[in-house]
Amino acid sequence: MVTEKFKSKGKAPKENPLTSEGLYPNPESLYAQDSINLGILNRLVGQSILSVDQFDKELVLEICKFAALLESTEIASSHPLDGKIIITAFFEASTRTRLSFESAVLRLDGKIISIPTGKVTGVAKGESLSDIGEMFNAYGDLVVVRHTQTDSLDEIMQNLRLPLINAGNGSGEHPTQALADWFAILKWKPKLKMDNIRDDDKIHLGILGTPGSMRAVNSFLRMSLLFKSGIRKISIISELADPLGPELETMLQESTMEFTITNDINDVLSDLDVVYMNSIAFLGDSYKTLDSRFKLNAQSNLKDDAVVLHPLARLDELDPNLDGTNHNLYFTQAHGAVFVRQALFISILNRFDRLPSKSIPLKT
Ligand code: CP
C-alpha cells in the first residue's frame, strides 16, 4: 500500500514540511479535548535534560501533547524565544539532531550560536571541557551538547550554570531522541497513552540493536518501560548474547514486562507491531555496523499495519523501498523532533507566557 492513502487521512501540518513519503498521523489526536497541563510542564523550568530516567509517563505525555499542539499551530508570530540564545555544541557528527534543534529555535524566533564540530573550539588546542562549560555561561541561555564520550557531560557541567540538553553522549543516552520516538508512536496509536488499555490494543515491540551500548535504543527502551501498560511484549533482536547489560536487564526484570532476546529477526518479525531499528553502535571512537541478518525491506514479513522506526542515519539495514509504504513511521519520527524540541525549549526557558493563549490553551 502506498503513501497517498495515508497522507489524505491526516490534517495537513501547519507549514507542510512533510512532503516526503511515509505515514503521517494527525497530531490532533494527542491533545484533542485536553488542554496542556502547565503544572506538569513547569517541572522542566530551568532543568537540564540528561537521561530518560528524569521522566515519568505523565511528563512524557504532556511534552508530546504540547509538541502535537505546536505541530498543528502557527505560533512563530508570537516570538516565544525572542531574546534567548541557544548554544548548540556538537563535538560529534549529526544531521538530524543539530539541525532539528536549530530549526526549533529559529522557528520560535530565538537565536543560535553553533559549534558544528569540536575542531573549531579550544579542544583543538587542548582546552578542557570544564573550561568550555564555564565559557558557555556568558554566551547563551541554554546549551545543547553532543559528544563522543559518555562522561563528557559531567565534565562540561562542572562549571556550567545554564540548563544543558544531552543530544547524545557516546554510548550513553539520547533522551530527546526517545521523546521524538514516542511522539511518533503516540500519534500513530494514541490509545497507548492509556493506563487501562485493552489487551487487543497492546503492542509487541521489537528492538533491533544492543541497548547496553547504543544510546538511541538505550533511551528508547527506558522510555518504553514508562508505557508498559500498552506493551504486550518486548523482543530484543541482537547479534550479542547479552545486548542489555546488567542495569537494563535489572530494569526489565523489575518492570515485570515480558521480554525475549533473539539473534534472528525472523523469529518474531511477523508478530511485531512496532519495529525499532538502528544501524550503528557507537563504540569508543568508532562505529560498528550491524550484521546483514538484521535488514528490512518491503518484501520482509511485516504485519500489514506494523510500523518501523529508525533514529537514522540508516545504512543498508533499512531499504529505501520501505519509504513509500505505510510501514514508514521513521520520516514522521524525524520531522516531529522539531516540535518535541520546541516544547522543551519553551518549557525549560519558561516562555509559556509568550504563547498565543487562544491557540495553546494552558491548564494551571
Ligand atoms: N537521530 C540522530 O541522532 O541523528 P543524527 O546523528 O543525524 O543527529
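Residues numbered from 1 in each chain as written. Predicted model: local features only at pLDDT ≥ 70, side-chain atom pairs only at ≥ 80, totals over all residues. Heavy atoms only, no water.

Some details on the environment of Asp154
- Positionally, Asp154 belongs in helix H7 (residues 152-157).
- The class for Asp154 is exposed, based on a relative accessible area of 57%.
- Sequence separation between Asp154 and Leu129 is 25 residues, and the spatial gap between their C-alpha atoms is 9.2 Å. (Helix = DSSP H or I, 4+ residues; strand = E, 2+ residues; numbered from the N terminus. Buried < 20%, exposed > 50% of the residue type's maximum accessible area, 1.4 Å probe, protein only.)

Observations concerning the packing of aromatic side chains
- Following the criterion strictly, the structure yields six aromatic pairs and no others.
- Aromatic side chains Phe66 and Phe352 sit 6.3 Å apart centroid to centroid with 35° between the ring planes, which places their arrangement in the tilted category. Of this pair, Phe66 sits in helix H4 (residues 57-72) while Phe352 is found in the loop between helix H11 (330-348) and strand S13 (362-363), placing the two residues 286 residues apart along the sequence.
- With relative accessibility at 0%, the residue Phe66 sits in the buried group.
- Counting every residue linked through ring pairs, the aromatic cluster contains Trp182, Phe220, Phe227 and Tyr276. (Phe/Tyr/Trp six-rings, centres within 6.5 Å; stacked < 30°, edge-to-face > 60°.)

As for the site of the ligand
- Close to the ligand lie Ser94, Thr95, Arg96, Thr97, Arg146, His174, Gln177, Pro311 and Leu312.
- Contact distances for the ligand include 3.3 Å between an oxygen atom and a backbone N or O atom of Leu312.
- About the coverage of the ligand: the protein hides 89% of its 250 Å² of free accessible area.
- Residue composition of the shell around the ligand, grouped by class: two nonpolar, five polar and two charged. (Near = heavy atom within 4 Å. Polar contact = N/O pair within 3.5 Å; in protein donor to acceptor, adjacent residues only side chain to side chain. Areas by Shrake-Rupley, 256 points an atom, 1.4 Å probe, with all protein chains shown as cover. Nonpolar A, V, L, I, M, F, W, Y, C, P; charged D, E, K, R; others polar.)

Comments concerning the UniProt feature "domain: Aspartate/ornithine carbamoyltransferase carbamoyl-P binding" (unreviewed entry) in the protein
- According to UniProt, the "domain: Aspartate/ornithine carbamoyltransferase carbamoyl-P binding" (unreviewed entry) feature falls on residues 48-185.
- Secondary structure within residues 48-185 divides into 41% helix and 17% strand; the distance between the first and last C-alpha atoms comes to 24 Å. (UniProt positions renumbered as here; feature names shortened; annotations may be inferred.)

Things to note about the domain arrangement of the protein
- Along its sequence, the protein is organised into domain 1 (27-174 + 334-354) and domain 2 (189-330).
- Using C-alpha coordinates to define each centre, domain 1 is positioned 25 Å away from domain 2.
- With 23 residues of domain 1 at the contact, the number on the domain 2 side is 25 residues.
- Summing both partners gives a buried area of about 1900 Å² for domain 1 against domain 2, and 54% of it is carried by carbon and sulfur.
- The largest per-residue losses of area from domain 1 upon contact with domain 2 belong to Val52, Lys57 and Arg96, which jointly make up 30% of the total buried on that side. (Domains from an automatic or database assignment. Contact = heavy atoms within 4.5 Å. Buried area = accessible area lost by both parts, 1.4 Å probe.)

Thoughts on the nonpolar core
- Phe66, Ile234 and Phe345 are the most contacted members of the largest nonpolar core, which has 78 residues in total.
- Broken down by element, the residue count for this core peaks at ten residues, all from H4.
- Mapped onto the domain boundaries, this core takes at least three residues apiece from domain 1 (27-174 + 334-354) and domain 2 (189-330).
- Phe66 has contacts with Ile36, Leu41, Ala343, Ile346, Ser347, Phe352, Leu355 and Ile360, leaving out every residue within four places of it along the chain.
- Counting residues in each nonpolar core, the second largest holds 19 residues, with Ile265, Val275, Met277 and Leu312 among its members. (Core = buried A, V, L, I, M, F, W, Y, C linked by side-chain atoms within 4.5 Å.)

A word on the pattern of salt bridges
- Applying the stated rule across the entire model yields 24 salt bridges.
- A salt bridge links Lys202 to Asp199; the nearest nitrogen and oxygen atoms lie 3.3 Å apart.
- On the basis of relative accessibility, which here comes to 57%, the residue Asp199 falls in the exposed class.
- When salt bridges that share partners are traced, they join Asp34, Glu62, Lys65 and Lys363 into one network. (Salt bridge = Lys/Arg side-chain N within 4 Å of Asp/Glu carboxyl O.)

Thoughts on H11
- Here H11 contains 19 residues, and its C-alpha end-to-end distance of 27 Å stays within 8% of the 27 Å for a straight helix at 1.5 Å per residue.
- With respect to burial, H11 is a largely interior element, 17 of its 19 residues being buried.
- The first or second residue beyond H11 is Asn350, which carries a positive phi of 55°. (Expected span 1.5 Å × (residues − 1).)

Brief notes about the side chain of Thr332
- Tracing the backbone shows Thr332 in helix H11.
- A relative accessible area of 3% means that Thr332 is categorised as buried.
- A distance of 2.7 Å separates the side chain of Thr332 from the backbone oxygen of Leu23, its partner in a polar contact.
- Discounting residues that sit within four places of it in the chain, Thr332 has contacts with Leu23, Tyr24, Pro25, Ala184 and Lys187.

Focus: helix H5 (residues 96-107)
- Taking 1.5 Å of rise per residue, twelve residues should cover 16 Å, and H5 covers 16 Å from first to last C-alpha, within 8% of that figure.
- For H5, the complete set of buried residues consists of Thr97, Arg98, Ser100, Phe101, Glu102, Ser103, Ala104 and Val105.
- Buried residues along H5 sit in contact with strand S2 (85-90), strand S3 (111-115), strand S4 (142-147), strand S5 (164-169), helix H8 (175-188) and H11.
- Positive backbone phi, at 70°, marks Asp109, one or two positions downstream of H5.

A word on the pairing of strand S8 (residues 259-262)
- Two elements, strand S7 (residues 231-237) and S8, share four bridges in a ladder whose sense is parallel. Across the sheet, the residue bridging to Ser235 is Thr260, located in S8.
- As for the winding sense of the linkage, the β-α-β connection from S7 through helix H10 (residues 245-255) to S8 is right-handed. (Pairing = 2+ DSSP bridges. Right-handed = clockwise from strand over helix to strand, strands pointing away.)

Re a nonpolar patch on the surface
- Taken together, the side chains of Ile113, Met135 and Tyr139 present a nonpolar region at the surface, about 280 Å² in accessible area.
- Turning to its location among the elements, Tyr139 is positioned in helix H6 (residues 129-139).
- When its relative accessible area of 48% is taken as the criterion, Tyr139 is described as partly exposed. (Patch = residues over 30% accessible without salt bridge, like charges linked within 9 Å, V, L, I, M, F, W, Y side chains within 5 Å.)

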